[in-house]
Every structure is written in C-alpha cells, then in structure tokens.
Amino acid sequence: MPWSILDLLRRDPEKLRDSVRRRGLDPGLVDRAVELDVSWRKKLREVEQLRHRHNVISRSIGKASPEERRKLIAQAKELLKVIEEAERELKTLEEERERLLLKLPNTVHETVPDGLTEEDNVPVRFWGKPRVWRGHVEQFRAQTEKWGFKVEHEVIDWRPVGHADMLEQVLGLGNTLKAGEVAGSRFYYLFDDLVWLDIALLMYALDHLSRKGFRVVLPPYMLRRKAIMGALDMETFEDAIYKVEGEDLYLIATAEHPLAALYMGEEIPEEELPIMLAGISPCFRKEAGAGNRDLKGIFRVHQFHKVEQFVYAKPEESWEILEKLVANAEELIRGLELPYRVVNICAGELGAPAAKKYDIEVWMPAQGRYRELVSASNCTDWQSYRLRIRYVRRKGMVRDYVHTLNATAIASTRTITAILENHQEPDGTVVIPKVLRKYLEPFEAAPKEVIRPAGKH
RNA sequence: GCCGCGGUGGCCUAGCCUGGUAGGGCGCCGGCCUGCUAAGCCGGUGGGGGUAUCCCCGCGCGGGUUCAAAUCCCGCCCGCGGCGCCA
C-alpha cells in the first residue's frame, strides 16, 4: 500500500473528507485533490504514449539507412514539439496536485475527540495533589470535575507568586527587559541557579531516556527547506520558523525536525525498528500566531532547550508506542513532583502532521490553570511520505512508509516556570525536586536543595 | 575558500574517452530440486501509470547540446585527499 492518504483519496475519499471536516477545514480540499489526481493520471498516460512513439522512432534511427535517417529525424523533431506541449501541461497538473497533496492534513484517528477548540480537549487522567489557592477553587473544579474526575488537592490561603515575577522580582535570576532591549520581546537572560537548573533538567531527561534504550542525539540546529518542510505543515512553518538570511537554511523549532530528517530518502530494514531517539537541542520559534499571550516571563519564548523523544516505528506498533512516549514523559514529570493531567487533543487542535496528540498539562498554582508542558503525537506516515522514508520487510518484499512519533521529554524554560510555581514556599524559596540533585551535584556553584529569594542567600 | 578525484538499483562494481534500449557480483524475496539444510537451476528484487501481454521515467541534483545523454557541456549539492583559514 502506498501513502495512506493517497490511498484513501483514491479508494474512499468520503473518509478523508470526514477527517478534514472534523478538523474544521474545508472538505472541498479533498474534492479538488481527487479531481487533480484523476486529470493528472489521464495526462500522464497521454504523455507516456507520446514518449513511447518518440522512443520507437529514435531507436530505429541508429539502424536506419542514411536516406531513411533524414526522414525519421524530421519525424522525431515534429513529434518532439507535440511532446513538449503535453509535458508542459503535465508539469502544471503535477505541481498543482503535489501542492494540494502536501496540504492535506493527516487522517484523524477514531479515538480523537470531536471539537475545534481547547475546550473540547478531553482529560484522560490526573496525577498528583495540586496546591490550589482559595480563589482558584472554582476554576480548579471546572478543569477536573467537568469530566467526572475527583482530584485530591490542597487548598492554600496564600497565593503563589507567578513564574514571571518569581524569576525577576523574587529570585532576581532573570532579566527579560534587557533581553527585550537587545533581542526583542520573548527573549531572556537567565542567571546562576536557573542556568544550573536548566542544564540539570536536560541531563535528567537524557539520562532517563538513554536508560530506556533511546539513543541520544545532538542534531543540526538548522535545516534546508526541503528537510524542514518534511516534518511540518505550512501553517507552522509560517508561524514558527526563522530563516537564515541569504541561505537555504532554517532554524529548527524542535529536535523533532532534524530527527525526522535523519532518515530522509532512506529505507529502514524492519529489524531495526523501532528506532528510538532522544534529541537535545535549542528550539527557535517565532510565535507569530501567539499575539500577546504569555508575554511576560519565560513560558512562551523564542528560544529554549528541549530534550525530545522521536521514534520511527512499524505501522502496526505505532499506537502502542504513542502511549509509551506519554508514559515516559509522565515519569519525568512525576519525578519532578509536578501535578498534571493528560489531555486527548480534539480534532480541530491537532495540527496537520498528527493523527492523534496527547498533551501533558501541569497545574500552575499562580495562574489557577493546567498549562501545556509536553506534547506527544503519532504522525503515522504523514512525515515519512514527505521525507520519503520507508521501511522494508524482507518477508514478502514490503516497502512502505514508516510511522513517526514525537513527544517532549523536557522543555527547559516551561518546566522551570512549573517548578517556580509548584515548589514555591510562602517566603519565596523554591524547593528543587530531589531527582535533580545528582545532576546538580557535580557543580560546586549549583544549588542543591533550594533556590532562595534575592537577598536571602 | 582553492586544487584534484569521486557519486550507477539495499550494498559493491562495469559502462563514460569513442552518445544508440544499464551489464555483472553480493545480499534479499519467490519457485524448482531435495528426507532436511547447503549447493545448483529459474524468476524477481528503484519510482509511477495501466493492468491482458505493457508502457513511461530513473545512473547525486538542476539546466543545456542532440532524433537520441550514465556517457558531451554548464551550474549546484554531497563525499574523499591536499592547500589555505579557524575555536
């Protein structure tokens, strides 16, 4: 079987229309793709027949007498004009068809909830005992009981300081104002304890994943357009990706991009699957669509560090692996003692590459909201089709597109904001999760148990 | 950045000078043979379209010359070696 989406397009376009509809997109997109695919194939046959005639003549020239040769060459030249015209038409159709095919989003998996907005995402489980400020109790209920979950929590009378003020006012370990002046908004300087914390978090994630059989990877931080477009859709490309002036190079928005591109154009023997990679890289994001959301602090920034899980899998095992990737991320967050919920993202919020996506959202005590810390997607064969990555099954000579999956392990700055709010004491002290201890230990200057407010060192 | 050499199906390789349907080996898949295995023999083993037997495209990528390009010409990418520069 070829690319699953093309297969549906030809055999069962209604299913594809339905999937596009569930995402809140225009199903006419599918109809146009079907039409173009049909007319492209028709034109292709026409061109091939013409080329065949030309090849027959051309081949006979070598064996012809000088007399006949002149005649045949004239004939071939004449035919060439016809072919050129037909080929131009074919090329136009082909480009249009390809453009449309690449616009088609992945097919939505049947276990994905309906809906178009954040409100329609469905929590599937909760963990931890969140600290809920008295003023947030109502909204906490709205985020738990609405779906029938009874989440044990501790009501507190003092309101924790928000991560942005913690960073700059209370701890004095960040400067977004100066960063704004020299680089723009959504940039930051971090200092001392938070730098150690950032590095410790990354090591923690790498250590955890490598013990589970992930191969750790430090990938290129820039990619050619061809490679980066294989991993993401036009919308993300325009909202997120920085281009290097004067070169065919783009800054990655996540290690997912170079890890997906690692096998571009290749065939993977099935015995090698699943290939489990843990990439570590900076992430660069324009956040063009974000407007004024989360403008303060380091929750939503143009640049941060991330350890990313990425897996190449056989189609029959990819759904099981998606659950595993989420479980890995949950283990990491539980280790950090951050209360969270796992959310099944609704069809309209999926993003084109994903067939299904879970987010892990951590309770933010100062905001009174669960906020996204981790995102885990099964992209099935959407990326591998674009990047032409197949797996080969020797038994039966199967050559088919692999499935790709990705999930955050740790995104540094966001995780820091979660720690600043959840492990904050009334006096502003931040308790460092015990699991990070061993990654801080090697550095004499690094904090080990707590991060103290400015002036209380 | 400069000079030289190279890039051919999953891998290795012939063909390039001298343009005329891409050959061989290994591996793999299927079949025959066989008590079983091996050997041996036969077929298959890049993409696409149509499926009755077929056809088109494909020799790193993109152009050009030609009736015809792996082959000749130009540009680019990648790899190797050398020189230069550099943390």
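Before going further, it helps to examine the overall build of chain A. If you tally the helices and strands in chain A, you get 15 helices and 19 strands. Considered along the principal axes of its C-alpha atoms, chain A spans approximately 100 × 45 × 45 Å. Counting across all 457 residues of chain A, residues that qualify as buried make up 53%. Considering only contacts in chain A between residues 6 or more positions apart, those separated by 24 or more positions represent 73%. Of the roughly 22,100 Å² of accessible surface on chain A, a fraction of 51% belongs to carbon and sulfur atoms. Averaging the positions of the 71 positive and the 73 negative side-chain charges in chain A gives two centres separated by 4 Å.

Below, the discussion takes up helix α6 (residues 163–170). Listed in full, the buried residues belonging to α6 are His163, Ala164, Met166, Leu167 and Glu168. Two residues or fewer past α6, Gly172 is found with a positive phi of approximately 65 degrees.

What follows deals with the sheet that holds strand β17 (residues 403–411). Strand order in this open sheet of 8 strands is β1-β12-β13-β14-β17-β11-β10-β6, and the pairing throughout is mixed. Two strands lie at the open edges of the sheet, namely β1 (122–127) and β6 (215–217), each paired on one side alone. Strand after strand, the sheet turns through a mean of 25 degrees between neighbouring axes, direction not considered. Pairing analysis gives 5 bridges linking strand β12 (residues 340–344) to strand β13 (residues 356–364), with the strands arranged antiparallel. Bridge pairing links Asn344 to Tyr358 in β13. Across the sheet, helix α8 (residues 192–211) lies against β6, β10 (275–284), β11 (303–313) and β17, angled at about 10 degrees from β11, the strand it touches most.

Now for the packing of aromatic side chains. The final tally for this structure, using the stated rule, is 14 aromatic pairs. Considering the side-chain rings of Phe126 and Phe149, the 4.9 Å spacing of their centres and the 50 degrees angle between planes classify their relative orientation as tilted. A residue pair is termed long-range when its members are at least 10 positions apart, and Phe126 in strand β1 and Phe149 in the loop between α5 (137–142) and β3 (154–156) qualify at 23 residues. Overall, Phe149 belongs to the partly exposed group, its relative accessible area being 23%.

Now for the packing of α8 against helix α12 (residues 318–335). With their axes 11 Å apart at the nearest point, α8 and α12 run at an angle of 135 degrees to one another. In terms of orientation, α8 lies oblique with respect to α12. In the packing of α8 onto α12, the handedness of the crossing is right-handed. Residues Tyr204, Ala205, His208 and Leu209 of α8 touch α12, and the partners they reach there are Asn328, Glu331, Leu332 and Gly335. Here the residues of the contact of α8 with α12 are counted per class, giving 4 nonpolar, 3 polar and 1 charged.

Quick look at the environment of Val38 now. Within the fold, Val38 resides in helix α3 (residues 28–61). Classification of Val38 as partly exposed rests on a relative accessible area of 46%. Expressed as a C-alpha distance, the spacing of Val38 and Leu218, which sit 180 residues apart in the sequence, is 44 Å.

Domain annotation for chain A reports domain 1 (4–103) and domain 2 (118–451). Inter-centroid distance (C-alpha atoms) of domain 1 to domain 2 is 43 Å. Taken together, the contacts link 7 residues of domain 1 with 11 residues of domain 2. For the pair domain 1 and domain 2, the summed buried surface comes to about 720 Å²; carbon and sulfur atoms form 43% of the total. Its largest share of buried area at the contact with domain 2, domain 1 owes to Ser4, Arg23 and Leu102, together 66% of the area lost on that side.

Turning our eyes to something else, we now look at the pattern of salt bridges. Across all of its chains, the model carries 35 salt bridges by this definition. Between Arg141 and Glu138 there is a salt bridge; the shortest N-O distance is 3.3 Å. Of this pair, Arg141 and Glu138 both sit in helix α5, separated by 3 residues, roughly a single helical turn. A relative accessible area of 38% places Arg141 in the partly exposed class. The salt bridge partner of Glu287 is Arg300, with a shortest N-O separation of 3.4 Å. Of the two residues, Glu287 is situated in the loop between β10 and β11 and Arg300 in the loop between β10 and β11; the sequence distance between them amounts to 13 residues. For the residue pair Glu287 and Arg300, the accessibility class agrees, reading buried in each case. One network of salt bridges, in which partners are shared, links Glu14, Arg17, Asp18, Arg21 and Asp31.

Counting residues in hydrophobic clusters, the biggest one holds 59 residues, and the most contacted among them are Leu194 and Leu436. For this core, the leading source of residues is α8, giving 9 residues. The residues touching Leu194, leaving out its near neighbours within four places in the chain, are Leu167, Leu173, Ile416, Leu420 and Ile451. Listed in part, the 18 residues of the second largest apolar core include Leu8, Val20, Val30 and Leu36.

The environment of RNA strand B is formed by 24 residues, the closest being Arg10, His52, His54, Ser58 and Lys77. Residue Arg10 places a side-chain N or O atom 2.6 Å away from a phosphate oxygen belonging to RNA strand B. Separating a phosphate oxygen of RNA strand B from a side-chain N or O atom of Lys77 is a distance of 3.1 Å. Going through the elements one at a time, α3 and α4 (66–103) are the ones with two or more residues in the surface near RNA strand B. Of the residues belonging to the surface near RNA strand B, the class tally is 7 nonpolar, 4 polar and 13 charged.

Conventions adopted
- Residues numbered from 1 in each chain as written.
- Chains lettered and ligands numbered in written order.
- Predicted model: local features only at pLDDT ≥ 70, side-chain atom pairs only at ≥ 80, totals over all residues.
- Heavy atoms only, no water.
- Helix = DSSP H or I, 4+ residues; strand = E, 2+ residues; numbered from the N terminus.
- Buried < 20%, exposed > 50% of the residue type's maximum accessible area, 1.4 Å probe, protein only.
- Contact = heavy atoms within 4.5 Å.
- Areas by Shrake-Rupley, 256 points an atom, 1.4 Å probe, with all protein chains shown as cover.
- Lys, Arg positive; Asp, Glu negative; His and termini not counted.
- Charge placed at Lys NZ, Arg CZ, Asp CG, Glu CD.
- Pairing = 2+ DSSP bridges.
- Axes fitted to C-alpha atoms, helices over the stretch in contact; angles between N-to-C directions.
- Phe/Tyr/Trp six-rings, centres within 6.5 Å; stacked < 30°, edge-to-face > 60°.
- Parallel < 35°, antiparallel > 145°, perpendicular 65-115°, else oblique.
- Left-handed = near helix turned anticlockwise from the far one by under 90°.
- Nonpolar A, V, L, I, M, F, W, Y, C, P; charged D, E, K, R; others polar.
- Domains from an automatic or database assignment.
- Buried area = accessible area lost by both parts, 1.4 Å probe.
- Salt bridge = Lys/Arg side-chain N within 4 Å of Asp/Glu carboxyl O.
- Core = buried A, V, L, I, M, F, W, Y, C linked by side-chain atoms within 4.5 Å.
- Near = heavy atom within 4 Å.
- Polar contact = N/O pair within 3.5 Å; in protein donor to acceptor, adjacent residues only side chain to side chain.

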